[in-house]
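Residue-level structural notes
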Amino acid sequence: MDAKQFKTNIKCANCVAAVTPFLNEAVGENAWQVDLQSPNRVLTVDTTTSDAAVTQAIEKAGYKAEPLA
């Protein structure tokens, strides 16, 4: 699997709880994590799922994400 990283606007544990069902559906349980200590709130996803699918899952939950190079 590929590790992909995204800059997000997920800011707290409640935000993580809000995106959890969407990310679990898109990439699978235990296949992602958000670093709330990072200023960029980096989401790391271990998946072969496309960047667009991950971004779309975040947007469905009401948040934003953009791939990091």
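Please refer to the structure placed before this passage.
It should be emphasised that the depicted structure is a prediction, and the values quoted were computed from it without experimental measurement.

Reading the values: the criteria
- Residues numbered from 1 in each chain as written.
- Predicted model: local features only at pLDDT ≥ 70, side-chain atom pairs only at ≥ 80, totals over all residues.
- Heavy atoms only, no water.
- Pairing = 2+ DSSP bridges.
- Helix = DSSP H or I, 4+ residues; strand = E, 2+ residues; numbered from the N terminus.
- Axes fitted to C-alpha atoms, helices over the stretch in contact; angles between N-to-C directions.
- Contact = heavy atoms within 4.5 Å.
- Buried < 20%, exposed > 50% of the residue type's maximum accessible area, 1.4 Å probe, protein only.
- Polar contact = N/O pair within 3.5 Å; in protein donor to acceptor, adjacent residues only side chain to side chain.
- Disulfide = S-S within 2.5 Å.
- Core = buried A, V, L, I, M, F, W, Y, C linked by side-chain atoms within 4.5 Å.

**Brief notes about the sheet that holds strand β4 (residues 65–67)**
Sheet architecture is open: 4 strands sit in the order β2-β3-β1-β4, paired in antiparallel fashion. Edge strands, defined here as strands with exactly one partner in the open sheet, are β2 (32–35) and β4. Going across the sheet, the axis of each strand differs from the next one's by a mean of 30 degrees, ignoring polarity. Strand contacts of helix α1 (residues 13–27): β2 and β3 (42–47), with the helix running at about 150 degrees to β2, the strand carrying the most contacts.

**Examining the side chain of threonine 55**
For threonine 55, the location among the structural elements is in helix α2 (residues 51–60). On the accessibility criterion, threonine 55 (13% relative accessible area) is buried. If we ignore the near neighbours within four places in the chain, the residues touching threonine 55 are Phe6 and Ala65.

**Focus on the side chain of threonine 44**
Locating threonine 44 in the fold gives a position in strand β3. Engagement of the side chain of threonine 44 in a polar contact is seen with the side chain of glutamine 5, the distance being 3.3 Å. Residues within four places of threonine 44 in sequence aside, it is in contact with Lys4, Gln5, Ala31, Trp32 and Gln33.

**Let's talk about the state of the cysteines**
Under the definition given, this model contains 0 disulfides. The thiol of cysteine 12 is not disulfide-bonded; the next cysteine sulfur, from cysteine 15, is found 3.3 Å away. Judged by relative accessible area, which is 30%, cysteine 12 ranks as partly exposed.

**Some words on the nonpolar core**
Soluble globular proteins tend to pack their nonpolar side chains together in the buried interior. Counting residues in hydrophobic clusters, the biggest one holds 18 residues, and the most contacted among them are Ile10, Leu23, Trp32 and Leu43. The set of elements that each furnish at least two residues to this core consists of α1, β2, β3 and α2. At 5 residues, the largest contribution of residues to this core is made by α1. Setting aside chain neighbours within four positions, we find isoleucine 10 in contact with Cys15, Val16, Val19, Val34, Leu36, Arg41, Ile58 and Tyr63.

**Considerations on unusual backbone geometry**
A negative phi holds for most residues other than glycine; trans holds for most peptide bonds. Positive phi, normally seen in glycine, also occurs at asparagine 30, with a value near 60 degrees. Mapped onto the elements, asparagine 30 comes out in the loop between α1 and β2. Judged by relative accessible area, which is 77%, asparagine 30 ranks as exposed. If you check the backbone angles, arginine 41 has positive phi at about 45 degrees while not being a glycine. For arginine 41, the location among the structural elements is in the loop between β2 and β3.

By themselves, these observations are geometric and do not establish any function.
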